[in-house]
Amino acid sequence: MGRAFVYVILGGGVASGYAALEFTKRGVSHGELCIISEETVAPYERPALSKGYLLPEAPARLPAFHTCVGANQERLTPKWYKEHGIELVLGTRVISADVRRRTLLTAAGETISYKILIVATGARALKLEEFGVNGSDAENVCYLRNLTDANRLVDAMNSCSRGNAVIIGGGYIGMECAASLVINKINVTMVFPEAQCMPRLFTPKIASFYEDYYKAKGVEFVKGTVLTSFDMDSNGKVVAVNLRDGKRLPADMVVVGIGIRPNTSLFEGQLTMEKGGIKVNGKMQSSNSSVYAVGDVAAFPVKLFSETRRLEHVDSARKSARHAVSAIMDPEKTGDFDVVPFFYSRVFTLSWQFYGDNVGEAVHFGDFSGNTFGAYWVNKGHLVGSFLEGGTKEEYEAIAMITSLKPAIEDLTKLESQGLSYAMAV
Ligand code: FAD
């Protein structure tokens, strides 16, 4: 049993949706393109799952946030794929790949062959079991990577009104979920081993602003320790979490956000890997010329840093997907992928954007007791990263632009006093 396509996109997430739109813009013919996804719904804007999806009132639900609404483009519903002759093979897990034969084998036993494959398998949430803690299967322990997880989280929230939630992890999933749980009138305690929230991105000064803001909303922080075990009731529901520092926190629900791992396993030993992802060149092409990789799973050369990186952000998923399709359909006119890494988050009424790299010395600016503040990062005499909370559209555009220019910075004190006006002047 088998089907053959010219182009196959493996994975039905953000990158997949943006690649599909780009294929149609570049004139793919009916029947040439197939998308295979383990998820049962057409590609959607994944960031909505920790934001609008968790709101107590008028929550976002599909079809409202199918790709590519996040970039203010056409919204691709299942009908759209049908009308464009794109085969959506949903609810189907690919269990093995043979890049020499150019075939994929699905869990249902079907072989799907391709001329060109785009790997857009994204990443999976790391499980507690990988850190030696059991209990992930309990019905009130939630992760958040896909729609199934989000529905489970919503169910857990609904059965825990005014109860206690413990969030394990202080990264963006933990921070965004904490805000959503508070809005749903649930008491939240966040537990993480580091000294501050968002340790991979925030400086201590920035982290302290958000922690104070969260505390004012009732969130408690337990830092510098980790979860060691759960206490369960006779139905297998978690009733408390035990921490290494000896604390025991009563819990009606638990949300775990402890990082992700790219879904590369189908291609281990077949494609070159780097930084935990599939290594690609500036055309998003892997070590096998028929296979491209995009989104969270791809490790690509970031021109701005002259370094191969893997980015776990929606903007790079969208742009790398479009770039790969452009390189496939119009190789002569497609240069090397050039993107300024960009990451954003929205919690409560706060909203921040970050561009570039957070290495070197951080120079803070603005009013940390008010609404608009930020930081630049200066490395080896050049501005390489910018963060801004509470900016306007023009201000965000300005920090994006200044970061892409990587200007030389001679005087950090001057940069600090100029603050946002330094970026706005360019
Ligand atoms: P994904 O969107 O994860 O899609 C991967 C797809 O591949 C899935 O459909 C999966 O089921 C499928 N798949 C995997 N393996 C197989 C297989 N073997 N067979 C079939 N199908 C398979 N980024 C930001 O910049 N800002 C944010 O605010 C933000 N918020 C986020 C909130 C949440 C809750 C999450 C989970 C992520 C968030 N991100 C955010 C990150 C962003 O969503 C990802 O960077 C983006 O989704 C990556 O796109 P992708 O297509 O590479 O992977």
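Sequence order as written defines residue numbering, which begins from 1 separately in each chain. Reporting of local features is limited, given that this is a predicted model, to residues whose pLDDT is at least 70; pairs of side-chain atoms are given and counted only at 80 or more, and all residues count toward the totals for whole chains, interfaces and linings. Hydrogens are left out, water is left out, and the side-chain values use all remaining heavy atoms of the structure.

### A word on unusual backbone geometry
Test applied: Under the scheme used here, helices are H or I runs from DSSP no shorter than 4 residues and strands are E runs no shorter than 2 residues, and both carry numbers assigned from the N terminus.
For the peptide bond that leads from Leu62 to Pro63, omega is 15 degrees, which places it in the cis range. Cis geometry is adopted by the peptide bond preceding Cys68, which originates at Thr67 and carries an omega value of 15 degrees. Within the secondary structure, Cys68 is located in the loop between strand E2 (33-36) and helix H2 (78-83). The phi torsion at Asn72 lies on the positive side, around 55 degrees, for a residue other than glycine. Looking at where Asn72 falls in the secondary structure, it is placed in the loop between E2 and H2.

### Section: the sheet that holds strand E11 (residues 220-223)
Cut-off, in case you're wondering: In this analysis, strands are considered paired if DSSP registers two or more bridges between them. Residue contacts follow a heavy-atom distance rule, with two residues in contact if any of their heavy atoms lie within 4.5 Å. To define axes, lines are fitted to C-alpha atoms, for helices over the stretch in contact only, and angles between the resulting N-to-C directions are given on a 0 to 180 degree scale.
Pairing is parallel in the open sheet, where five strands are placed in the order E8-E15-E9-E10-E11. Each edge of the open sheet carries a strand with a single partner, namely strand E8 (141-142) and E11. Both E8 and strand E15 (residues 253-256) contribute to a ladder of two bridges, which runs parallel. Looking across to E15, one finds that Cys142 is bridged to Val255. Each of strand E9 (164-168), strand E10 (187-192) and E15 is contacted by helix H4 (residues 172-183), which is oriented at about 165 degrees to E10, the strand it contacts most.

### Things to note about the nonpolar core
Rules: To form a nonpolar core, buried Ala, Val, Leu, Ile, Met, Phe, Trp, Tyr and Cys residues must be joined to one another through side-chain atoms within 4.5 Å. Only protein chains enter the accessibility calculation, which uses a 1.4 Å probe; a residue whose area is less than 20% of its type maximum is buried, one above 50% is exposed, and one in between is partly exposed.
Counting 80 residues, the largest nonpolar core has Val8, Ile36, Leu104, Leu117, Phe267 and Met284 as the members making the most contacts within it. Listed in part, the 52 residues of the second largest apolar core include Phe65, Ile173, Leu181 and Phe209.

### Concerning the side chain of Glu22
The criterion, for reference: Whenever a nitrogen or oxygen atom comes within 3.5 Å of another N or O atom, the pair is scored as a polar contact, on the condition that within protein one atom can donate a hydrogen and the other can accept it, and that pairs from neighbouring residues in sequence are kept only if both atoms are in side chains.
For Glu22, the position within the fold is in helix H1 (residues 14-25). You can call Glu22 buried: its relative accessible area is 10%. Here the side chain of Glu22 touches Arg26 through a polar contact of 2.8 Å, side chain to side chain. If near-sequence neighbours (up to four positions away) are discounted, Glu22 is found in contact with Arg322 and Val325.

### Comments concerning the site of the ligand
What counts here: We call a residue near a molecule or strand when any one of its heavy atoms sits within 4 Å of it. Areas reported as accessible are Shrake-Rupley estimates using a 1.4 Å probe. Residue values count occlusion only from the protein chains shown. The residue classification treats Ala, Val, Leu, Ile, Met, Phe, Trp, Tyr, Cys and Pro as nonpolar and Asp, Glu, Lys and Arg as charged. All others, Gly included, are polar.
Taken together, 34 residues surround the ligand, and among them Glu39, Arg46, Lys51, Arg145 and Asp296 come closest. Ser37 has a polar side-chain atom sitting 3.4 Å from an oxygen atom of the ligand. Between the ligand and Val94, the relevant distance is 2.9 Å, taken from a nitrogen atom to a main-chain nitrogen or oxygen of the residue. Coverage of the ligand by the protein chains reaches 97% of its 1,000 Å² of free accessible surface. Elements with a minimum of two residues in the shell around the ligand: H1, H4, helix H6 (314-329) and strand E22 (342-347). It is H4 that contributes the most residues to the shell around the ligand, three residues altogether. Of the residues contributing to the shell around the ligand, the split by class is 14 nonpolar, eleven polar and nine charged.

### Some points on the confidence of the model for the chain
Where we set the bar: The predictor attaches a confidence to each residue, and that confidence, scored 0 to 100, is pLDDT.
Looking at the chain, the pLDDT average stands at 97 and 100% of residues meet or exceed 70. When pLDDT is averaged over each helix and strand of the chain, the minimum, 94, is found for E22 and the maximum, 99, for strand E19 (residues 291-293). Interface scoring of the predicted complex returns ipTM 0.99; its pTM is 0.97.

### Describing the pattern of salt bridges
The line we're drawing: For salt bridges, the criterion is a side-chain nitrogen of Lys or Arg within 4 Å of an Asp or Glu carboxyl oxygen.
Evaluated as defined, the whole model comprises 25 salt bridges. The shortest N-O distance in the salt bridge between Asp336 and Lys283 comes to 2.9 Å. With a gap of 53 residues between them, Asp336 in the loop between H6 and E22 and Lys283 in the loop between strand E18 (277-279) and E19 connect regions that are remote in the sequence. We classify Lys283 as partly exposed; its relative accessible area is 25%. For Lys319, the salt bridge is made with Asp315, and the minimal N-O distance between the two is 3.2 Å. Of this pair, Lys319 and Asp315 both sit in helix H6, separated by four residues, roughly a single helical turn. With relative accessibility at 10%, the residue Asp315 sits in the buried group. Several salt bridges share partner residues, and in doing so they unite Lys275, Glu307, Arg309 and Asp357 into one network.

### Side note on the environment of Leu266
Inspection of the secondary structure puts Leu266 in the loop between strand E16 (260-262) and strand E17 (273-274). Relative accessible area serves as the criterion here: at 18%, Leu266 is assigned to the buried category. Those residues in contact with Leu266 that lie beyond four places of it in its chain are Leu10, Val94, Ile95, Ser96 and Ala97.

### Some details on the state of the cysteines
Let me state the cut-off plainly: To count as a disulfide, a pair of cysteine sulfur atoms needs to be within 2.5 Å.
In total, this model carries zero disulfides according to the counting rule given. Cys34 takes part in no disulfide bond, and the closest cysteine sulfur to it belongs to Cys68, at a distance of 18 Å. Given a relative accessible area of 0%, Cys34 falls into the buried group. In this model Cys142 remains outside any disulfide bridge; the closest cysteine sulfur is found in Cys177, 8.7 Å from its own.

### Considering the side chain of Thr334
Turning to its location among the elements, Thr334 is positioned in the loop between H6 and E22. Within the structure, the side chain of Thr334 is placed 2.7 Å from the side chain of Ser326, a separation counted as a polar contact. Apart from the residues lying within four places of it in its own chain, the contact partners of Thr334 are Lys283, His323, Ser326 and Ala327.

### Focus: the environment of Ile9
By the secondary structure assignment, Ile9 is in strand E1 (residues 2-10). Classification of Ile9 as buried rests on a relative accessible area of 0%. Each C-alpha atom of the pair Ile9 and Ala120 lies 6.7 Å from the other, and the pair is 111 residues apart in sequence. If near-sequence neighbours (up to four positions away) are discounted, Ile9 is found in contact with Ser16, Ala19, Ala20, Phe23, Leu33, Cys34, Ile35, Ile36, Ile118 and Ala120.

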